[in-house]
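# Architecture and fold: a report
Chain by chain, the residues:
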Amino acid sequence: MIPDFTAFCGELARLFEDVRQHRGGGVASYIPQLARADVDGFAVAVCTIDGQRFSIGDTTTRYCVQSTCKPINYAIALDQLGIDTVHPHVGREPSGHSFNEITLNARGLPHNPMINAGAIMCASLIAPDLSAADRFDTVLQTWGKLAGQPSVGFDNAVFLSERDTADRNFALAYFMRENGAFPDGTDLKATLDLYFQCCSITVDAPGMATIAATFANGGVCPLSNERVFTADPTKNCLSLMASCGLYDFSGEFAFTVGLPAKSGVSGALFITIADVCGIAIWSPRLDALGNSVRGVEFARRLAKAFAFDGLPET
Ligand code: GLN
């Protein structure tokens, strides 16, 4: 519970106005659907573990989740299979490389689930025996439960574009197959399709904030009180968000902000403050590493304004 929630929201609104002045960076352009995003779109939303909510800016705009699907897919795989089955296929160390670098760790595995190779691997682990439709339904229904409300959708144009321009992701998948990284019997095409579909899920900032709050609340959605993930996958997922959540900016983000977070090339960023709240920021202006300029700036200012997560106030 945030004791003076009104004052907290006032501070968030002040940070929002300050950060809105930032006009650096540009929209992702590798697919037309992202290139056409409103460059000045900007939303911030918060949901506490008690279900208190506040949002400001373009709060009804739905954006595709892109790489913010990675922690959710990892948590689904962990929840279904456990770490002893998941981690023989994916590492848990930061890569220090960009999100789609063609590189594997010394064991021939993707470095972690928060970059493309690891996320493709996690997609291969999600309910591989089900039909393609049921596998995607499993993921989409989980998003709905995490958000506790019907604010989750799917952008088919993004999916089709992702699939049409996915040479790098195909290359990553074949490289992993060459290294024997996938479970036996993995269908590469079905795995990649599921990964592209997950990137094309859409959500608004209030929905994303609730998802972050469900992670902050140990896997129980604060709006519905439904348990979506057990405690261990939730905690493991937050650990990897803290060390690997912002691609090759993860170390710097951990140093300056110190909170588990995940970014996506649509300009999505969500931050989890364990036992307190989830915060979602959406602004499609990206920096050179693919992180939202305003998202990172908002997170920095937030961490400076509040002594979250045991960090001393400066
Ligand atoms: N769809 C993008 C890709 O696979 C997602 C990457 C991202 O958000 N960083 O390349």
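Look up: the structure comes first, before these words.
Parameters and conventions
Residues numbered from 1 in each chain as written. Predicted model: local features only at pLDDT ≥ 70, side-chain atom pairs only at ≥ 80, totals over all residues. Heavy atoms only, no water. Near = heavy atom within 4 Å. Polar contact = N/O pair within 3.5 Å; in protein donor to acceptor, adjacent residues only side chain to side chain. Nonpolar A, V, L, I, M, F, W, Y, C, P; charged D, E, K, R; others polar. Buried < 20%, exposed > 50% of the residue type's maximum accessible area, 1.4 Å probe, protein only. Helix = DSSP H or I, 4+ residues; strand = E, 2+ residues; numbered from the N terminus. Contact = heavy atoms within 4.5 Å. Pairing = 2+ DSSP bridges. Phe/Tyr/Trp six-rings, centres within 6.5 Å; stacked < 30°, edge-to-face > 60°.

### Quick look at the site of the ligand
- As a structural note, the neighbourhood of the ligand is formed by Tyr30, Gln66, Ser67, Phe99, Asn116, Glu162, Asn169, Tyr195, Cys199, Tyr247, Gly264 and Val265.
- In this structure, an oxygen atom belonging to the ligand sits 3.1 Å away from a side-chain N or O atom of Asn116.
- Within the side chain of Tyr195, a nitrogen or oxygen atom sits 2.7 Å from an oxygen atom of the ligand.
- When the residues that make up the shell around the ligand are grouped by side-chain class, the tally is six nonpolar, five polar and one charged.

### As for helix α5 (residues 116-125)
- Buried residues dominate α5, accounting for 10 of its 10 residues.
- On its buried face, α5 sits against α3 (69-81), α4 (83-86), α6 (132-147), α8 (167-178) and α9 (188-199).
- Immediately beyond the C-terminal end of α5, within one or two residues, lies Ala127, with a positive phi of roughly 40°.

### Some thoughts on the side chain of Glu297
- By secondary structure assignment, the location of Glu297 is in helix α13 (residues 293-305).
- The residues contacting Glu297, other than those within four sequence positions of it, are Val19 and His22.

### Regarding the pairing of strand β2 (residues 53-57)
- Direction of pairing for strand β1 (residues 43-48) relative to β2: antiparallel, over a ladder of five bridges. Within β2, the residue paired with Cys47 across the bridge is Arg53.
- Taking the residues between adjacent antiparallel strands as the criterion, β1 and β2 are bridged by four residues, where Gly51 takes a positive phi near 85°.

### Topic: the packing of aromatic side chains
- For the structure shown, the criterion picks out 11 aromatic pairs.
- Plain terms: the ring middles of Tyr63 and Trp282 are 5.4 Å apart, the flat faces sit at 5° to each other, and that makes the pair stacked. Taken together, the positions of Tyr63 in strand β3 (residues 62-64) and Trp282 in strand β8 (residues 277-282) put the pair 219 residues apart, joining distant regions of the chain. The same class applies to Tyr63 as to Trp282, namely buried.

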